[in-house]
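# Analysis of the macromolecular model
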Amino acid sequence: MAKKTTKKSNETGWEYAPSLESIGHIDLKESYDLFIDGKWVKPSSGKYFETINPANEKVLAKVAHANEEDVDRAVKAARKAYDTVWSKMPASERAKYIFRIARLMQERARELSVIETLDAGKSIRESRDIDVPLACNHFFYYAGWADKLEYAFPIRDFEPLGVAGQIIPWNFPLLMAAWKIAPALAAGNTVVLKPAETTPLTALKLAEIIELSGLPPGVVNIVTGFGDTGAAIVEHPEVNKVAFTGSTAVGKHIQRAVAGTDKKVTLELGGKSSNIIFEDAPIDQAVEGIVNGIFFNQGHVCCAGSRLFVQESVADLVVRKLKQRMDSLYVGDPLDKNTDIGAINSKEQLEVINKYIKIGIEEGAEMYQPNCEIPSKGYFCKPTLFSNVAQSNVIAQEEIFGPVLTIQTFRTVDEVIQKANNSPYGLAAGVWTDKGSRIFNLTSKLRAGVVWANTYNKFDPASPFGGYKESGFGREGGLHGLRAYVKLK
Amino acid sequence: MQGLKMVLNMIDLTTLEGKDTPGKVKQMCYKAQHLHDAYTGLPTVAAVCVYPSMVGVARKELKGNIVKIASVSTAFPSGQAPMSVKLEDTRFAVSEGADEIDMVISRGKFLAGEYNFVFDEIAAIKEACGKARLKVILETGELSTLDNVRRASDIAIHAGADFIKTSTGKIQPAATMQVTYTMLMAIRDHYDRTGIMIGMKPAGGISTSKLALHNLVMVKEVLGNQWLSNEWFRFGASSLANDVLMQIMKTETGLYQSPDYFSMD
Amino acid sequence: MTRLQVLKTYKIFIGGQFPRTESGRYYSLKGKDDFDIANVCLSSRKDARNAVVAARKAFGSWSERSAFNRGQIVYRIAEMLEGRRSQFIEELQLMGLTAANAAKEVDATVDRIVYYAGWCDKYQQIVSSVNPVASSHFNFSVAEPTGVVGIVAPEESPLLGLVSLLIPAIAGGNTVVLVASEKYPLSAVTLAEVIHSSDVPGGVINIITGTADELVSPLVSHLDVNAMTSAGLSKEMASAMQVQAADNVKRVFNYPAMDWSKASSQGLSMIEDLQEIKTTWHPIENIGGATSSY
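Report follows, based on the coordinates. (Residues numbered from 1 in each chain as written. Chains lettered and ligands numbered in written order. Predicted model: local features only at pLDDT ≥ 70, side-chain atom pairs only at ≥ 80, totals over all residues. Heavy atoms only, no water.)

### Concerning the overall build of chain B
Rules: Comment: elements are numbered from the N terminus, with helices defined as DSSP H or I runs of at least four residues and strands as E runs of at least two. Computation of the radius of gyration draws on C-alpha atoms, with the globule rule given as 2.2 Å multiplied by the number of residues to the power 0.38. Per-residue accessibility, obtained with a 1.4 Å probe over protein chains only, is compared with the maximum for each type, and a residue is labelled buried under 20%, exposed over 50%, and partly exposed between these values. Between two residues, a contact is recorded if the distance between any of their heavy atoms is within 4.5 Å. Note on areas: Shrake-Rupley with a 1.4 Å probe; residue coverage comes only from the protein chains shown. His is not counted, nor are the chain ends, whereas Lys and Arg count as positive and Asp and Glu as negative. By convention, the point assigned to a charge is CZ for Arg, NZ for Lys, CD for Glu and CG for Asp.
Looking only at helices and strands, one finds ten helices and eight strands in chain B. For 265 residues, the compact-globule formula gives about 18 Å, and the C-alpha radius of gyration of chain B, at 18 Å, lands near that figure. Dimensions of chain B, computed from C-alpha atoms along their principal axes, come out at roughly 55 × 40 × 30 Å. Of all 265 residues assigned to chain B, the portion counted as buried reaches 57%. Of the contacts formed within chain B by residues at least 6 apart in sequence, a portion of 73% connects residues at least 24 apart. On chain B, roughly 10300 Å² of surface is accessible, and the fraction owed to carbon and sulfur atoms is 53%. Once the 28 positive and 28 negative side-chain charges of chain B are each reduced to a mean point, those two points are 2 Å apart.

If you want it as structure tokens, here you go:
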């Protein structure tokens, strides 16, 4: 195979040595039970499932599969804790518990990061610098709200909802747990939370932290399992609030399932967010923004900037620079601090992504993937770019949830606004231009819950997040995130 | 449903803007072949309709495809150019790969009564078309009376038009029912006399399924079933396709649709 | 000889015009002793669809109007309604209210509209925020209208009830398709005439009459309707609505039945429920700072 030369072997010089994060200091048990009423209890069915490291397909631990009976126990525990302890406690004391959880998480940040990377496949740099710190900060932010709610809802009567049933996805396991639990507790609710079946470990580690914090039993319950476990939470008559982050299909199912009940619902669902580059944009920064927008967390981001719109006059330049930048991305072991793109979260998801890549090729779009090597074991996908794409392409319409970007070109401001909004989704959007008035024109006309101008994929506990249209309703984060957890009278 | 699918298959998906670019045309060509992939069993449109400078782009995108390429020509939309330019315009479009030519008549000359000029011009362009089919745009919005519409139709037909077409889409009113009816009558009379079929293309202003179906009913009633194919009947439209798609999906799902679910290219 | 009275044809209100229902159907509104008060349009699902199309078309420019201008227009509705006070009182009496109650209803309605007129350029300041994010970004959240809103007029308080749901929706920049109460359609149609003469652009408010059973379902299942509001619906209807609404993740607010004459039936929440919060980020130049600024 002399003719086939890879780019790497062509390069003279320097290959970075692997810089692996140590996994020596983490404490993972062989098997995890359910965290209900402050205790670790065995699932009533006796069933456990395995959670694996998607980067090498090795089993990390066994985790309990909660059924309806277990969920019922968890909800009852949450109800009892709400009635007898949590709703009676002075708000300032509630705040202190949440502060304490935040601090304990910070102290264990390194362990949490490594476990997150092992279980979810995301790069250690991301877990360490983004997911875990943001999760800690989320608790820290909402802790302070607990005894200041009258300032959040001035001159209005409000009360907590009661028991919140929360179902979170696998893309940001610990961070999503924080997004759900922290505001719920601050507003005075108790919680039953189900992490995703492929990424339950950091939620269980959080349960250990919660146990350690001395939070009264039953205030937070963590039940692991599959869709049936989630359905049991949604349908439980004593759950007062359902908060769900995940696919639009499941979100619709939940909306139907709670019909006719008084359950309050917030849904944070799918997206096909546009990232718009104007000719006057700072192109190099924009290219970084595009890369961060779609390849961050392997593209497993509901607000990923998966639809790139580039003004025609700079399209060739942007594509050329983008390809160059993609060539320098390092796909590989998530524990390696060199790694930019880690492992795809699961085999199923890799199959979904590959299906869409195949569709893109069949649709006649031009595909580009850097000539990089990917590990033979584990689930990996090269960063992928499709150009020569129209709005009518399936790959430009459906959420792929992987490192796959489509590029469309546009000519005028009106045209790109129309096309960006021409989607059932409305989660996020990005705008790159140097012109201030144009930024505000776009940020006000794009029908999306989050608009990043000259930046992309930034998150903060103080910043509300959530979508328009089929991307869901309700906000998480910031002052607005509290409203989802109180009843205004 | 059958009618709606027939409408889709008769559309000349059109972009005729000064700001047209290869990017825009490429995207529209994709849409022409993939109207709504979320639903299977839909036809393609009949053709894309572009300016001569964009024919080459469209040809590349539609290589070997059943979707035809129509090019406007003869200094569209005004037609205010010397004959030599109009001929060159037409030859260029054909050489770039246009299957059909949409020419405009000289309305100024027509209104001045110089019918021979108009006739000769159409005949010359027809010759320049070679194998390409010729659609003659009367721009009825400028002809002011139905008598004129009828006379222009007859001239175009006799001069060699394969299709007669109402409008450029740049002038209002465009394809009104009365105008289309008048032109259909001219086609029918010609057919009755000679047995030769001429095609019809209303263009401009037909943006809803309902209007499109009205037109089809009119064709069926005036000309008969044999005209009900894209060989003999076209709609010139840019936004009609999505409205028809919305009606089809409404019929399928029972839910009234939103434009958010249908791609704009 | 006594003069023959000229009777009014009650028509529906779509896109700033008063068409009859496309279905050509009607129902007779009966008064006391079963006498016919009027023929009212028995609108069909196609009227509902046409109304949604009109509302969508009007949404862009209505939502982009300045808040101040929206406030002026809403206030104008109150002015025009006040000017037709006696007509509304008469109509309400025709539909069975006592003279005293009818007068109270109309006065409370005018006051409610004035209340929301004042909110038009203020709620944003209450519900928006500048968010202190930890990175070098300016970050703010603003309220934007949800879009096209379907409203099922309450069956009690023929005028005040529907106005209490309708006005906060448009004050917040949404456009509306309102299904009038089957029992009390007259004041809804006359309100449409008031709206028509109040600088409210065509399509911002659309009012159809008929039965809720027939008209609510095509609205709730319509993929181009973004939200539904109602008050005091039966549990079955509310539940059916929530199920259908899921097809496009529609926001659904079925408020409890309330006494609309009370001040507690108005408030910021009625506006806020039909708003989306949009958060915008922009970097702050930070040369030499440790954080990367893009």
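### Focus: the sheet that holds strand β19 (residues 450–453) of chain A
The test is simple: At least two bridges found by DSSP between two strands are what make those strands a pair. With axes taken as lines fitted to C-alpha atoms, and helix axes fitted only over the stretch in contact, angles between N-to-C directions fall between 0 and 180 degrees.
Judged by pairing direction, the sheet is mixed, and its ten strands sit side by side in the order β14(A)-β15(A)-β16(A)-β13(A)-β12(A)-β18(A)-β19(A)-β10(C)-β4(C)-β3(C) without closing on themselves. Here the strands that pair on one side only, and so sit at the sheet edges, are β14 (366–368) of chain A together with β3 (129–130) of chain C. In this structure, strand β4 (residues 137–145) of chain C lies alongside strand β10 (residues 275–283) of chain C, joined through nine bridges in antiparallel fashion. By the bridge assignment, Asn139 of chain C is partnered in β10 of chain C with Trp281 of chain C. On top of the sheet, helix α12 (residues 312–327) of chain A reaches β12 (274–277), β13 (307–311), β14, β15 (384–387) and β16 (404–410) of chain A; it is set at about 130° to β13 of chain A, its chief contact.

### Remarks on the side chain of Asp336 of chain A
All names here are of chain A. Cut-off, in case you're wondering: Any carboxyl oxygen of Asp or Glu within 4 Å of a side-chain nitrogen of Lys or Arg constitutes a salt bridge here. Whenever two N or O atoms come within 3.5 Å, that pair is a polar contact, provided that in protein one can donate a hydrogen and the other can accept it, and provided that, for residues adjacent in sequence, both atoms are side-chain atoms.
Here Asp336 shows up in the loop between α12 and α13 (347–362). The side chain of Asp336 is buried and forms no salt bridge, while Arg125, the nearest opposite charge, is found at 7.7 Å. A polar contact of 3.1 Å, which involves the side chain of Asp336, links it to the backbone nitrogen of Ser19. Ignoring anything within four residues of it in the chain, the contact list for Asp336 reads Pro18, Ser19, Leu20, Ile124 and Tyr330.

### Section: the interface of chain C and chain A
We count it as follows: The quantity reported as buried area is the accessible area (1.4 Å probe) lost by two parts once they are put together, taken as the sum for both.
Contacts between chain C and chain A engage 42 residues on the former and 42 residues on the latter. Interface of chain C and chain A: buried area, both sides summed, is about 3400 Å²; carbon and sulfur atoms make up 52% of it. Here chain C and chain A share six salt bridges between them. Put simply, Arg483 of chain A and Glu272 of chain C hold a salt bridge, and the shortest N to O gap is 3.4 Å. Linking chain C with chain A are 30 residue pairs in polar contact (both at pLDDT 80 or more), by the criterion used here. Of all the secondary structure elements, the ones that give two or more residues to the side of chain C that touches chain A are α1 (45–64), β4, α9 (235–245), α10 (268–272) and β10 of chain C. By residue number, the principal contributor to the side of chain C that touches chain A is β10 of chain C, which donates eight residues. Strand direction decides the pairing type here: β19 of chain A and β10 of chain C, joined by three bridges, are parallel.

### Considerations on unusual backbone geometry
All names here are of chain B. Along the chain, Phe76 connects to Pro77 via a cis peptide bond; the corresponding omega equals 0°. One can find Pro77 in the loop between β3 (68–72) and α4 (83–96). A cis amide bond links Gln172 with the next residue in sequence, Pro173, at an omega value of -5°. Not every positive phi belongs to a glycine, and Thr74 is a case in point at roughly 55°. The residue Thr74 is located in the loop between β3 and α4 in this model. We classify Thr74 as buried; its relative accessible area is 0%.

### Brief notes about the side chain of Thr443 of chain A
Assignment of secondary structure puts Thr443 of chain A in helix α15 (residues 436–445). Assessed through its relative accessible area of 5%, Thr443 of chain A is described here as buried. With near-sequence residues (within four places) excluded, Thr443 of chain A lies in contact with Val451 of chain A together with Glu144, Lys278 and Thr280 of chain C.

### Considering helix α4 (residues 99–119) of chain C
All names here are of chain C. Filter applied, for reference: One fewer than the residue count of a helix, multiplied by 1.5 Å, yields its expected span.
Its 21 residues give α4 an end-to-end C-alpha distance of 31 Å, which sits within 8% of 30 Å, the value for a rise of 1.5 Å per residue. Those residues of α4 that sit buried are Ala102, Ala103, Glu105, Val106, Thr109, Val110, Arg112, Ile113, Tyr116, Ala117 and Trp119. Close packing links the buried residues of α4 with α2 (67–83), α3 (85–94), α5 (123–127), α6 (160–171) and α10.

### Here's the deal with a nonpolar patch on the surface
Note the following rule: A patch consists of residues whose relative accessible area exceeds 30% and which take part in no salt bridge; residues with like charges are grouped when within 9 Å of each other, and nonpolar side chains (Val, Leu, Ile, Met, Phe, Trp, Tyr) when within 5 Å.
A contiguous nonpolar surface patch, about 270 Å² in accessible area, is contributed by Val130, Phe138 and Ile284 of chain C. Following the sequence through the fold, Val130 of chain C ends up in strand β3.

### As for the nonpolar core
For the record, the criterion: Within this scheme, the nonpolar core is defined by two criteria: the residues are buried Ala, Val, Leu, Ile, Met, Phe, Trp, Tyr or Cys, and they are joined through side-chain atoms within 4.5 Å. Start and end points for every domain follow an automatic or database-based domain assignment.
In this structure, Met105, Phe139, Ile277 and Leu322 of chain A are the most contacted members of the largest nonpolar core, which totals 112 residues. At eleven residues, helix α7 (residues 173–186) of chain A tops the list of elements feeding residues into this core. Mapping this core onto the domain boundaries places at least three of its residues in each of domain 1 (31–269 + 471–488) and domain 2 (274–461) of chain A. If we skip the residues at most four places from it in the chain, Phe139 of chain A touches Ile98, Ile101, Ala102, Met105, Ala178, Ile181, Ala182 and Leu206 of chain A. Ranked by size, the runner-up nonpolar core spans 78 residues in total, among them Leu143, Ile155, Val222 and Val244 of chain B.

### Concerning the interface of chain B and chain C
What counts, and what does not: Any residue outside Ala, Val, Leu, Ile, Met, Phe, Trp, Tyr, Cys, Pro, Asp, Glu, Lys and Arg is labelled polar, Gly included; the first ten of those are nonpolar and the last four are charged.
The interface of chain B with chain C comprises eight residues on the first partner and ten residues on the second. Of all residues in chain B, Leu255, Tyr256 and Tyr261 of chain B bury the most surface against chain C, accounting for 68% of the area lost on that side. Here chain B and chain C share zero salt bridges between them. Put simply, chain B and chain C have three residue pairs in polar contact (both at pLDDT 80 or more) between them. Residue classes in the side of chain B that touches chain C are distributed as four nonpolar, three polar and one charged.

### Some points on the packing of aromatic side chains
Residues and elements named next belong to chain A. As a reminder of what qualifies: Centre distance within 6.5 Å is the pairing criterion for rings of Phe, Tyr and Trp, where only the six-membered ring of Trp is used; planes under 30 degrees apart are then read as stacked, over 60 as edge-to-face, and the remainder as tilted. The rule is short: NZ of Lys or CZ of Arg within 6 Å of the ring centre and within 35 degrees of the ring normal puts a charge over the ring.
All told, the structure shown has 26 aromatic pairs over all chains when counted by the stated rule. Note on Trp14 and Tyr16: the rings are 4.9 Å apart at their centroids and 75° apart in plane angle, and the pair reads as edge-to-face. An angle of 85° between the planes, with centres 4.9 Å apart, marks the rings of Tyr141 and Tyr142 as edge-to-face. Overall, the relative accessible area of 24% leaves Tyr141 in the partly exposed class. Against the face of Phe278 rests Arg438, its NZ or CZ located 4.8 Å from the ring centre.

### Observations regarding the sheet that holds strand β6 (residues 175–179) of chain C
Residue and element names in this part refer to chain C. Strand order across the open sheet formed by five strands is β7-β6-β5-β8-β9, with parallel pairing between neighbours. Bordering the open sheet on either side are β7 (205–208) and β9 (251–255), each of which pairs with just one other strand. Averaged over all neighbouring strand pairs, the angle between strand axes comes to 15°, with direction disregarded. Here strand β5 (residues 148–152) runs beside strand β8 (residues 227–231); their pairing, made up of three bridges, is parallel. Directly across from Gly150, in β8, lies its bridge partner Met228. On the sheet, α6 packs against β5, β6, β7, β8 and β9 and is oriented at approximately 165° with respect to β6.

### Topic: the pattern of salt bridges
A side chain with one charge can pair with a side chain of the opposite charge if their charged atoms come near. Residues and elements named next belong to chain B. Here the structure, examined in full by the defined rule, presents 66 salt bridges over all chains. Here Glu17 makes a salt bridge to Lys19, at a shortest N to O gap of 3.5 Å. The exposure class assigned to Glu17 is partly exposed, which follows from its relative accessible area of 32%. For Lys19, a relative accessible area of 39% translates into the label partly exposed.

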